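Here is how the chains run, residue by residue.
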Amino acid sequence: MENNNRIMSGMRPTGKLHIGHYLGVIDNWVKLQYKYESYFFVADWHALTTKYNKTENLRQDSIDVVTDWLACGLDPKKSTIYMQSLVPETAELHIYLSMITPQHWVEKDPTLKDIVKIVKSGDGSTEGITYGLLGYPVLMSADILLFNAQYVPVGIDQVAHVEITRDIARRFNSIYGKEVFNEPKPLLNDCSYICGVDGNKMGKSYNNDIKISDTEEATTKRIMQAITDRSRIRRDDLGHTDQCEVAFKYWQIFGNEEDITEIKHGCETGTMGCADCKRKLAQKVNSRLQEIRETRKYYEEHPKIVKDIILSGSEKARKTARETLDKVREAVKIY
Ligand code: TRP
């Protein structure tokens with residue numbers, strides 16, 4: 001089949017990204033870009049599905065996301081990096097797909113149900129559950145099908161959306177009697193899940209995250225807050241790495257085998273205290289992030305370069321998108 005080497009994925013513009021995004025998603029994209037024709041985009045329209053009335057930081061948040069991607073190693077020579085709203089073909093495809101998507105498909109989308117819960121939780125009012133929010137999975141399907149991507153590298157939380165996309169692709173082909181779309185598959189990575197320093201899901205709203213853009217000092221401070229083995233009160237108490245809630249888990253992600261053996265030994269023989277362990281851990285994390293942070297600084301100081309990457313990526317994406325839309329219009333028999 002044509003384009004059988006294409007992937008596409010995106011993120012909502014949530015602002016500066018944290019190491020959970022890096023380890024869970026971006027690092028994987030960076031590797032994949034050498035193997036596949038790759039499209040990565042900022043889903044700024046998706047941001048409006050819940051934050052239509054809080055757009056003051058939307059532009060800067062979108063730029064920050066791309067800056068973090070570039071810092072982590074997405075290469076604009078390898079990948080097409082674009083802004084959803086700068087590829088308006090997305091909106092056109094969304095219209096066609098919205099016409100054929102049964103209402104109950106979007107209503108039972110589990111990821112959407114979670115979002116609806118969050119939107120409602122403020123005062124229980126349903127005012128914020130808009131027509132556009134219900135269309136979230138359809139818009140996402142438009143993003144994916146616009147490029148006829150074979151694979152969509154996403155986190156596990158997005159898999160249900162990719163499933164709907166497959167259903168919509170199949171339905172479109174069967175209604176119009178043409179194989180316009182292939183059925184994209186989620187591409188899950190084997191990356192490690194990293195929790196926040198308090199042991200909960202890492203997120204900026206929980207104030208437990210380590211940002212790609214944080215300074216070394218801020219990172220060290222955060223890591224010093226990491227939860228350890230709660231039963232270990234004094235330094236010479238024997239520790240239990242299997243009961244260490246956060247610090248040792250971080251070691252398993254950031255350390256090599258030798259580090260892990262050393263830490264385990266120090267902890268379990270009571271010869272290394274939690275504070276020392278975390279100080280070392282902070283050094284480890286900082287050294288892993290050093291190059292990324294330097295690259296980030298460069299792009300931060302050259303915002304024009306970031307902007308140009310987005311503009312030229314969006315132009316390039318439009319060309320591919322146009323080809324798909326021509327086929328769609330032909331299939332639908334729209335004038
Ligand atoms: N829903 C995704 C998220 O919240 C963002 C997204 C929108 C996306 N469209 C997409 C991801 C298309 C992959 C492909 O992270």
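Structure's up top.
As the structure is a prediction and not an experimental result, all values here were calculated from the model. (Residues numbered from 1 in each chain as written. Predicted model: local features only at pLDDT ≥ 70, side-chain atom pairs only at ≥ 80, totals over all residues. Heavy atoms only, no water.)

Enquirer: What is the right way to read the overall build of the protein from this model?
Expert: Counting its regular elements, the protein contains 14 helices and five strands. Its C-alpha atoms give the protein a radius of gyration of 22 Å, near enough to 20 Å, the size a compact globule of 335 residues would have. Overall size of the protein, expressed as C-alpha extent along the three principal axes, is 75 × 45 × 40 Å. Looking at the protein residue by residue over its 335 residues, the buried ones come to 50%. Summarising the internal contacts of the protein: among those between residues at least 6 apart in sequence, 77% fall at separations of at least 24. Accessible area of the protein: about 17100 Å², with a carbon and sulfur share of 52%. A distance of 2 Å separates the average location of the 47 positive side-chain charges in the protein from that of its 48 negative side-chain charges. (Helix = DSSP H or I, 4+ residues; strand = E, 2+ residues; numbered from the N terminus. Rg over C-alpha atoms; globule rule 2.2 N^0.38 Å. Buried < 20%, exposed > 50% of the residue type's maximum accessible area, 1.4 Å probe, protein only. Contact = heavy atoms within 4.5 Å. Areas by Shrake-Rupley, 256 points an atom, 1.4 Å probe, with all protein chains shown as cover. Lys, Arg positive; Asp, Glu negative; His and termini not counted. Charge placed at Lys NZ, Arg CZ, Asp CG, Glu CD.)

Enquirer: Looking at this model, I keep getting lost on the site of the ligand. Mind explaining?
Expert: The environment of the ligand is made up of 14 residues, and the closest members are Gly10, Arg12, Tyr136, Asp143 and Gln158. Between Tyr136 and the ligand, the recorded distance is 2.7 Å, taken from a side-chain N or O atom to a nitrogen atom. The separation between a nitrogen atom of the ligand and a polar side-chain atom of Asp143 is 2.7 Å. Within the complex, 93% of the 370 Å² of free accessible area of the ligand lies under protein. The set of elements that each furnish at least two residues to the shell around the ligand consists of β1 (6–11) and α8 (136–145). If one sorts the elements of the shell around the ligand by residue count, α8 sits on top with four residues. (Near = heavy atom within 4 Å. Polar contact = N/O pair within 3.5 Å; in protein donor to acceptor, adjacent residues only side chain to side chain.)

Enquirer: Would you mind going over the pattern of salt bridges with me for this structure?
Expert: Side chains that differ in sign of charge can pair as their charged atoms come close. Enumeration according to the criterion identifies 25 salt bridges in this entry. Residue Asp64 is joined to Arg296 by a salt bridge in which the shortest nitrogen-to-oxygen separation is 3.7 Å. On the criterion of sequence distance, the pair formed by Asp64 in helix α3 (residues 58–72) and Arg296 in helix α13 (residues 274–301) is long-range, its members being 232 residues apart. As far as burial versus exposure is concerned, Asp64 and Arg296 are alike and both buried. Measuring nitrogen to oxygen at the nearest pair gives 3.4 Å for the salt bridge that ties Asp276 to Arg235. (Salt bridge = Lys/Arg side-chain N within 4 Å of Asp/Glu carboxyl O.)

Enquirer: Would you mind showing me how to read the packing of helix α10 (residues 216–224) against α13 here?
Expert: Each pair of packed helices can be summarised by the angle the axes make with each other and by the distance between the axes. It is the contact of α10 with α13, at a shortest axis distance of 9 Å, that shows an interaxial angle of 145 degrees. With respect to the hand of their crossing, α10 and α13 are arranged in right-handed fashion. Contacts between α10 and α13 involve Glu216, Thr219, Thr220, Ile223 and Met224 on the former and, on the latter, Ala275, Lys278, Arg279, Leu281, Ala282, Val285, Asn286 and Arg293. When grouped by side-chain class, the residues that make up the contact of α10 with α13 number six nonpolar, three polar and four charged. (Axes fitted to C-alpha atoms, helices over the stretch in contact; angles between N-to-C directions. Left-handed = near helix turned anticlockwise from the far one by under 90°. Nonpolar A, V, L, I, M, F, W, Y, C, P; charged D, E, K, R; others polar.)

Enquirer: What should I look at first to understand helix α1 (residues 19–32) in this one?
Expert: In an α-helix, one turn spans 3.6 residues; hence positions three or four apart end up facing the same way. Between the first and last C-alpha of α1 there are 18 Å, a value that for 14 residues agrees with the 20 Å anticipated at 1.5 Å per step. Along α1, the sharpest kink reaches roughly 40 degrees, centred on Val25. The buried fraction of α1 is high, at eleven of 14 residues. Three or more residues of α1 are buried, namely Ile19, Gly20, Tyr22, Leu23, Val25, Ile26, Asp27, Asn28, Trp29, Val30 and Leu32. (Expected span 1.5 Å × (residues − 1). Bend = angle between axes of the 7 residues up to and from the residue.)

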